[in-house]
Amino acid sequence: MISYKAAALACVSAISLLAGEAAAQAERQEPAELGEVVVTARRREERLIDVPVAASVVSAAALVDRGGAVSTGELLAGQPSVRFNNLTSSITSEVSMRASSTARATNGDPSVGLYRNGAYIGGGGIGGRNFARLDTFDIGRVEVLRGTQGALYGRNAVGGAVNIVSARPEFSNSGFVDAKYGFETQRAQVQAALNLAASDELAFRFGADYVNQDDGFFYNPVHDVHFDQEKGLGLRAQARLAKGPADITLLVENQQLTTPTITYQIAIPAGSPGFPGGYIQDQFSYPWNTAPLAKQNISSAMLSAEVDLGWAQLSSTSAFRVRESMYALDSDGVNPQELARARAAGQVGAATPIDPNGAAVTADRTKTLSQDLRLAGQVLDGRLDWLAGVEAMTQESRYSVTLARTPTTAAPSTGTVESAVQNYDSWAAYGALTYDVTSDLSLTGELRYTSDDKSLTSRLRDRITNQLTGGPARIVDGTSSPENLSYNATASYRLPLNLLVYAKVGTSYRAGGFNRNLGDLRQPVPIPVAYDDETSRSYELGLKGAPLPNLYMAVAGYRTDLTDMIAQLDNGCRVTNPVCPVAATAFLTNAGDARSWGLEAELTARYDLGDGQLRLSLNGSRQGGEVTSGRYAGLSLPQTPDWLASAEANYRVPVAGFEAFGNLAYNAQWGGVQELSTTTPKLSDFQVVNARFGVDLGKVQIAAYVDNLFDSVFIVAQDPTIRRYSRPRVSGLQLRYSW
């Protein structure tokens with residue numbers, strides 16, 4: 001079998017050979033005036049400055065200036081009101097916007113719509129609340145839409161939507177090879193893309209993304225492996241045909257990846273029940289006898305078509321995606337030798353019921369087939385823009401949780417296997433009208449009807465006998481058929497100085513579902529099988545524009561009212577709980593009504609400084625919220641920092657025949673709480689600075705980088721017995737060749 005490394009090197013060699021024969025073409029283009037970039041935020045092409053919504057665009061050039069992005073957190077860093085909920089593994093982490101509720105470490109749908117090239121890719125089991133590494137490779141642009149987007153983007157766009165638009169084939173020869181090495185983690189990464197123009201009508205684009213990291217910061221001494229290891233290869237091929245009124249692109253891709261897995265430190269203070277001396281593990285070394293491992297393999301195909309009908313523009317997006325995800329963790333966090341040592345030292349009580357062989361393996365295979373078809377046009381001499389579309393999706397998720405334990409005479413079983421199959425069929429019809437009352441005043445109405453059908457079949461079986469266990473509560477056959485009608489109504493007015501003021505009211509819908517991991521049979525808090533839909537209504541006022549050619553700014557304020565908010569809780573298991581002494585199982589339930597609010601601002605400026613050019617971005621947001629009804633009334637919304645702030649400065653200056661550049665990026669958060677509880681820990685405050693400096697020699701770019709320059713390590717998630725930490729400082733070198 002050909003190894004990942006051999007395949008990647010062969011791909012890069014072929015691309016480099018073809019590069020020598022390709023016509024030279026500068027990769028960096030002169031940037032458009034700020035705010036002039038074209039987006040599809042309202043399912044049709046418009047200038048960012050004309051779209052009356054809180055939206056941002058991350059361009060391919062901006063990503064190159066940062067040194068690239070291979071994770072959702074890196075991709076969306078610095079966006080106002082956007083937070084990446086980091087659970088140390090991409091499989092269980094997720095994005096939230098504007099205080100939208102989260103579903104961390106569960107199989108629930110996200111509260112932010114996740115899209116690739118306009119196709120929905122979220123949902124399903126684990127891995128369905130976050131973009132995959134392959135999604136972040138070879139990007140054309142990223143559109144970040146904040147606030148309720150239910151009318152046009154449909155399901156789960158409560159806090160907003162993110163659409164990653166992949167770089168597509170262009171009708172000229174070009175490409176790049178980008179090699180990166182991180183010293184502290186011994187991480188080698190090579191990314192490459194080759195664009196070939198066969199004619200003025202036919203073009204191809206091929207890409208490869210290779211990573212190899214055996215080392216890391218979070219270590220398992222029992223198996224001599226790092227929790228944050230990452231190894232794999234992603235491949236992509238595209239063909240584009242632009243002939244007459246039609247422009248069609250076919251994309252196929254595959255990812256085979258060992259990705260960082262869930263990791264945690266056991267931290268129990270002295271005097272806790274069953275832990276007289278307290279037990280706190282090393283900050284970065286965890287003695288699991290269950291080997292830490294996580295994998296995510298993806299295969300997908302997309303067919304996009306644009307056809308100019310004269311009287312309207314026809315757009316079609318067909319997508320098929322298979323996502324396979326798994327991760328293993330040690331439920332007790334120790335091995336038998338370490339437990340014996342801790343007992344002998346008086347840290348753990350002699351009778352504290354801990355099974356050092358407790359383990360959990362979670363796996364999921366989700367298949368998603370979707371089709372979006374829409375028409376857009378203008379009438380009344382261009383004063384009325386109209387849009388009409390239909391969408392259909394079918395999704396099958398096969399999910400399993402294997403719990404292992406030490407067999408005893410009284411309980412000879414080695415554990416259980418819970419398997420579930422969920423089917424999700426959905427269709428929707430949507431439309432929009434924008435009428436220019438005057439040259440300055442516009443009114444927009446958007447409407448979407450959605451019909452869903454969900455079903456779940458779940459069984460719990462003994463690992464040895466394969467017999468049903470757990471009683472009637474573990475024999476689940478559930479169905480639900482929710483319907484929803486969402487709308488947006490927006491009024492916008494063009495002010496002097498190229499400014500746009502707007503007011504918006506809209507609704508959204510987050511589909512209910514089923515908890516497929518029903519936890520440990522000993523759990524003190526029963527996990528419900530199903531939870532209902534969450535709906536919201538949001539109000540927003542905003543001002544945006546480019547009062548100067550080199551300045552773009554936007555401010556917005558919002559309030560969102562949630563009904564039947566979907567919230568994450570856990571089953572009460574803890575290492576300190578004598579009834580259920582294993583790691584907790586997270587689940588989703590409806591926690592009552594809630595309200596969130598916030599203010600956000602962004603500013604981007606570009607101007608000459610000395611002989612060079614400086615681009616400066618400043619972003620900030622203040623947000624908050626609380627539950628307003630039910631048993632949790634008065635509690636603050638979890639995973640909602642009070643403040644988010646970011647700044648980025650990028651400077652390029654000619655020096656002695658070449659161009660020197662530097663990039664500084666600052667991200668920070670303050671305030672907020674971890675969970676929906678009266679005893680919840682607070683979110684960690686942090687300030688992180690990334691730096692990148694180098695020289696651009698035309699086709700060749702050489703850079704040095706330092707992520708987390710001041711080595712700020714903080715807790716990204718915790719409960720009373722477990723802590724998860726951020727990554728320490730990483731430095732490295734990067735070499736990029738483009739043509």
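What comes next is a walk through the structure. For clarity, every value in this text was computed on a predicted model and none was experimentally measured.

The subject of this paragraph is the environment of Arg-474. Within the secondary structure, Arg-474 sits in the loop between β24 (441-462) and β25 (475-480). Arg-474 sits in the buried class, given a relative accessible area of 6%. Between the C-alpha atoms of Arg-474 and Arg-459, which are 15 residues apart in sequence, the distance is 5.9 Å. Look past the residues within four positions of Arg-474 in its chain and what remains in contact with it is Glu-418, Ser-458, Arg-459, Leu-460, Thr-469, Leu-518, Gly-519, Asp-520, Leu-521 and Gln-523.

Looking now at the sheet that holds strand β8 (residues 139-146). The strand order across the open sheet formed by five strands is β3-β8-β9-β6-β7, and the pairing between neighbours is mixed. The sheet is open, and its two borders are formed by β3 (54-59) and β7 (119-120), each paired with just one other strand. Bridge count between β3 and β8: six bridges; the pairing is antiparallel. If you follow Val-57 over to β8, its bridge partner there is Glu-143.

Turning to the packing of aromatic side chains, a few remarks are in order. For the structure on display, the rule yields 13 aromatic pairs. Here the aromatic rings of Phe-227 and Trp-288 are separated by 4.8 Å at their centres, their planes lie at 85 degrees, and the arrangement is edge-to-face. A residue pair is termed long-range when its members are at least 10 positions apart, and Phe-227 in the loop between β14 (225-226) and β15 (230-243) and Trp-288 in the loop between β18 (279-280) and β19 (293-308) qualify at 61 residues. Side by side, Phe-227 and Trp-288 carry an identical accessibility label, which is buried. Considering the side-chain rings of Trp-311 and Trp-386, the 6.2 Å spacing of their centres and the 15 degrees angle between planes classify their relative orientation as stacked. Here Trp-311, found in the loop between β19 and β20 (313-330), pairs with Trp-386, found in strand β22 (residues 384-404); they are 75 residues apart in sequence, far enough to count as distant. By relative accessible area, Trp-311 is classed as exposed at 54%. Through pairs of rings, three or more aromatic residues link up here, namely Phe-227, Tyr-264, Tyr-286 and Trp-288.

Our focus in this paragraph is unusual backbone geometry. Not every positive phi belongs to a glycine, and Thr-88 is a case in point at roughly 70 degrees. Mapping Thr-88 onto the fold places it in the loop between β4 (82-85) and β5 (94-97). By relative accessible area, which is 15% here, Thr-88 ends up buried. We note that Asn-708 has phi near 60 degrees; this positive angle belongs to a residue other than glycine. For Asn-708, the position within the fold is in the loop between β39 (700-707) and β40 (715-718).

With respect to the helices and strands, Thr-479 occurs in strand β25. Here the alpha-carbon distance between Thr-479 and Arg-461, two residues 18 residues apart in the chain, equals 22 Å. If near-sequence neighbours (up to four positions away) are discounted, Thr-479 is found in contact with Lys-454, Ser-455 and Phe-514.

Quick look at the pattern of salt bridges now. Inspection of every chain in the model, using the stated rule, returns 44 salt bridges. Residues Asp-209 and Arg-133 are paired through a salt bridge, measuring 2.8 Å at the closest nitrogen-oxygen approach. Of this pair, Asp-209 sits in strand β12 (residues 202-213) while Arg-133 sits in the loop between β7 and β8, and the two are 76 residues apart along the sequence. Neither residue differs from the other here; Asp-209 and Arg-133 are each classed as buried. A salt bridge links Glu-201 to Lys-243; the nearest nitrogen and oxygen atoms lie 3.5 Å apart. One end of the pair, Glu-201, is in the loop between β11 (187-197) and β12; the other, Lys-243, is in strand β15, with 42 residues separating them in the sequence.

Conventions and cut-offs
- Positions within a chain are numbered from 1, following the residues in the order the chain's sequence is written.
- Thresholds applied to this predicted model are a pLDDT of at least 70 for local features of residues and 80 or more for the giving and counting of side-chain atom pairs; totals over whole chains, interfaces and linings are not thresholded and use all residues.
- Hydrogens and water are ignored here; the side-chain numbers use all heavy atoms of the structure.
- The secondary structure listing takes helices from DSSP runs of H or I that are at least 4 residues long and strands from runs of E that are at least 2 residues long, numbered from the N terminus.
- Exposure classes here rest on a 1.4 Å probe applied to the protein chains alone. A residue is buried below 20% of its type maximum, exposed above 50%, and partly exposed in between.
- Throughout, a contact is declared for two residues whenever any of their heavy atoms are within 4.5 Å.
- Paired strands, as defined in this entry, are two strands with at least two bridges between them according to DSSP.
- Pairs were defined over the aromatic rings of Phe, Tyr and Trp, the Trp ring being its six-membered one, requiring ring centres within 6.5 Å. Orientation was assigned from the angle between planes: stacked under 30 degrees, edge-to-face over 60, tilted for the rest.
- When a carboxyl oxygen of Asp or Glu lies within 4 Å of a side-chain nitrogen of Lys or Arg, that pair is called a salt bridge.

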